[in-house]
Amino acid sequence: MDGNGDGIGDLKGILSKLDYLKWLGVEVVWLSPIYKSPNDDMGYDISDYRSLNPELGTMADFDQLLSGLHQRGMRLIMDLVVNHTSDEHEWFRRSRETRDNAYRDYYIWRAKPNNWSSFFGGPAWTLDERTGEYYLHLFSTKQPDLNWDNPRVRTEIYEMMRWWLDKGVDGFRMDVIGCISKVPGLPDAPGKGELEWGGPFFLNGPHVHEYLQDMQAEVLSHYDVMTVGETLSVTPEQALEYTGFTRGELSMVFQFELMGIDAGTDGKWDLKDWKVSEFKRISSRWQTELYGHGWNTLYLSNHDQPRQVSRFGDDGKYRVESAKMLATLLHTLQGTPFIYQGEEIGMTNVCFDSIEDYRDIETLNWYKEQIAKGERSVAEIMRSIHAKGRDNARTPMQWTGAPNGGFSIRPPWLPVNPNYRTVNVEKQRADAHSVLNYYRALIRLRKENLVLVYGDYTVLNPEDETTYAFVRRLDDLWVLTVLNFTPDQQTFVAAPGQLPASLRLVLSNYPGGERTVEKPFHLRPYEARVYLTVAERR
Ligand code: TEU
Ligand code: CA
């Protein structure tokens, strides 16, 4: 929400929406980076960790936001981006001056680059003319990687973390935290030279757990905080090394296995159809393997991913039904659900015709690279961008049907999705059957039923390609979720003994439907139902 009419969302704007968040049932707010930044990667390139991007507000605005949240019983977690800084950060400006200054080893310099490639295209190394050496950047050339093997870097980061925690923030979402430890010697990735990805040499590297345990001992354990690490390509086994209850590292991590379900061999832009059975296989694996040992995150959207209703549902005829169906999944699995702004009203992907309307560096770099290669037509390139571009999620929040979706009095930094007149908060608050009111009901349901928080998990129909049914149990409490993932009528039949007789329907995205557990279940397009052992609801 833009609070001062310059077309850019800001802290004052968010402050004006705290009552909305409270009404919805939100408990914790995670802000993407708001620090000083040249915005090469929308704030994920920080040039000063202790001051804010003036576009977003002042420190007084921040203090007001934090106390506004706390007064309402909500909490705030900040984005901790410490795998890299901006090249405009003081440390890097000094580091690049000479080969032997005190800040040189804050970053990773080599006389010769290895063959790793950057997540944002091109090599992961850039030659810095002044000292004639290359610096490592897993992301853009303006995001040099910090050298975590240098104890001074760790100490500086811990001090900065304490500074924010002493201000009263309630934890951190840790950006690409699984990338902070690189394999010593930075060896070439085997294989195809420059095009090969160096992943195995910097994902879950040799010292990552030691550094996180150190961070816990030095900083986090002294505060009442929650942490969530962004860990690319972790398996459940690896996730437990970060989050296991006895590990003393992180509260939870974001896994990416599900986000890779529609990516072909060439990566995210290489569009691939996905199967309901595969979705369930991945979801079930995480549910089962973390249960009792660590804590899951649940998410289907964020600022890097396309809109979930466009990706896993139907953003046309069944937008409302499928948005609610996905929301039901998100809130009835085990773990902490993360809702990304606008998801709660079923916001959809955008299809801007021209690349000029896009802002995201990953998208723009990939577009340029593809045009230069000349292997795909512009139409094909745009097709991938429409499906997977990060700006799908970044279009302004649709508050009302007023111009610019009520986000700003001015045309915003990124165009508003043209569907804002039909899809907006104002309209949905007034509609008892809206996606928004359904999210609110789901959040409440979760808070009222411990089985939804602590229950175990069993998938009932792993092989079926149309529906997803699972039960969760806590002592004698049961919850059953039945979801139709298709635009057609489907039937789910439970096997004998899979369900108790006493379950009652407590929430559904359609009126009517079987109120008790009957066999078979007849499901309408994208129908979702939640059943509970109502008598013993607690
Ligand atoms: O994302 C890490 C990351 O790997 C993403 O760049 C991901 O590869 C891509 O978005 C998938 O399309 C984090 C932040 O969430 C992202 O916004 C930043 O761009 C990135 O780190 C660098 O800080
Ligand atoms: Ca603004």
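Residues numbered from 1 in each chain as written. Chains lettered and ligands numbered in written order. Predicted model: local features only at pLDDT ≥ 70, side-chain atom pairs only at ≥ 80, totals over all residues. Heavy atoms only, no water.

## A look at the coordination of the calcium ion (ligand 2)
Surrounding the calcium ion (ligand 2) are the protein donor atoms Asp2 (OD), Asn4 (OD1), Asp6 (OD), Ile8 (O) and Asp10 (OD), which sit 2.2 to 2.3 Å from the metal. On the primary sequence, the residues serving as donors to the calcium ion (ligand 2) are separated as D-x1-N-x1-D-x1-I-x1-D. A residue is classified by how much of its surface remains accessible, and Asp10, at 5% relative accessible area, is buried. (Donors = N, O, S within 2.8 Å, 3.2 Å for Na, K, Ca; no water. Buried < 20%, exposed > 50% of the residue type's maximum accessible area, 1.4 Å probe, protein only.)

## Focus: helix 11 (residues 361-373)
Here helix 11 is 13 residues long and its end C-alpha atoms lie 18 Å apart, about the 18 Å a rise of 1.5 Å per residue gives. Here helix 11 has its buried residues at Ile361, Glu362, Thr363, Trp366, Tyr367 and Gln370. The residue sitting at the N-terminus of helix 11 and contributing the capping side-chain oxygen is Asp360; that oxygen lies 3.1 Å from the backbone nitrogen of Glu362. Note on helix 11: the residue one or two positions beyond its end, Gly374, has a positive phi of about 70 degrees. (Helix = DSSP H or I, 4+ residues; strand = E, 2+ residues; numbered from the N terminus. Expected span 1.5 Å × (residues − 1). Polar contact = N/O pair within 3.5 Å; in protein donor to acceptor, adjacent residues only side chain to side chain.)

## Looking at the packing of aromatic side chains
The geometry of two aromatic rings is summed up by the distance between their centres and the angle between their planes. Under the definition given, this model contains 38 aromatic pairs. Their ring planes at 75 degrees and their centres at 5.2 Å tell us that Phe254 and Tyr299 sit as a pair that is edge-to-face. Highlighted residues: Phe254 in strand 10 (residues 252-254) and Tyr299 in the loop between strand 13 (297-298) and helix 9 (308-311), separated in sequence by 45 residues. The residues Phe254 and Tyr299 share a single accessibility class, namely buried. A connected cluster of aromatic rings, assembled from ring pairs, spans Tyr35, Tyr49, Phe62, Trp91, Tyr103, Tyr106, Trp163 and Trp164. Positioned above the aromatic ring of Trp109 is the side chain of Arg104, whose terminal nitrogen or guanidinium carbon lies 3.8 Å from the ring centre. (Phe/Tyr/Trp six-rings, centres within 6.5 Å; stacked < 30°, edge-to-face > 60°. Lys NZ or Arg CZ within 6 Å of the ring centre and 35° of its normal.)

## So, the sheet that holds strand 21 (residues 528-532)
Taken together, the five strands give an open sheet; going across it, the order is 15-16-17-21-19, and neighbouring strands pair in antiparallel fashion. Since the sheet does not close on itself, it has two edges, and those belong to strand 15 (458-459) and strand 19 (504-508), each with one partner. Both strand 16 (residues 467-474) and strand 17 (residues 477-484) contribute to a ladder of eight bridges, which runs antiparallel. Each residue of the ladder has a partner; that of Leu474, found in strand 17, is Leu477. (Pairing = 2+ DSSP bridges.)

## Notes on the side chain of Thr533
Here Thr533 lies in the segment after strand 21. For Thr533, a relative accessible area of 6% puts it in the buried group. Separated by 2.9 Å, the side chain of Thr533 and the backbone nitrogen of Trp478 make a polar contact.

## Regarding the site of ligand 1
Looking at ligand 1, there are 17 residues lining it, with Asp41, Asp175, Lys268, His303 and Asp304 nearest. Between an oxygen atom of ligand 1 and a side-chain N or O atom of Arg173, the distance comes to 3.0 Å. Interatomic distance of 2.5 Å between a side-chain N/O atom of Asp304 and an oxygen atom of ligand 1. Within the complex, 94% of the 480 Å² of free accessible area of ligand 1 lies under protein. Along the lines of polarity and charge, the residues of the shell around ligand 1 split into five nonpolar, three polar and nine charged. (Near = heavy atom within 4 Å. Areas by Shrake-Rupley, 256 points an atom, 1.4 Å probe, with all protein chains shown as cover. Nonpolar A, V, L, I, M, F, W, Y, C, P; charged D, E, K, R; others polar.)

What is shown is where atoms sit, not what they do.
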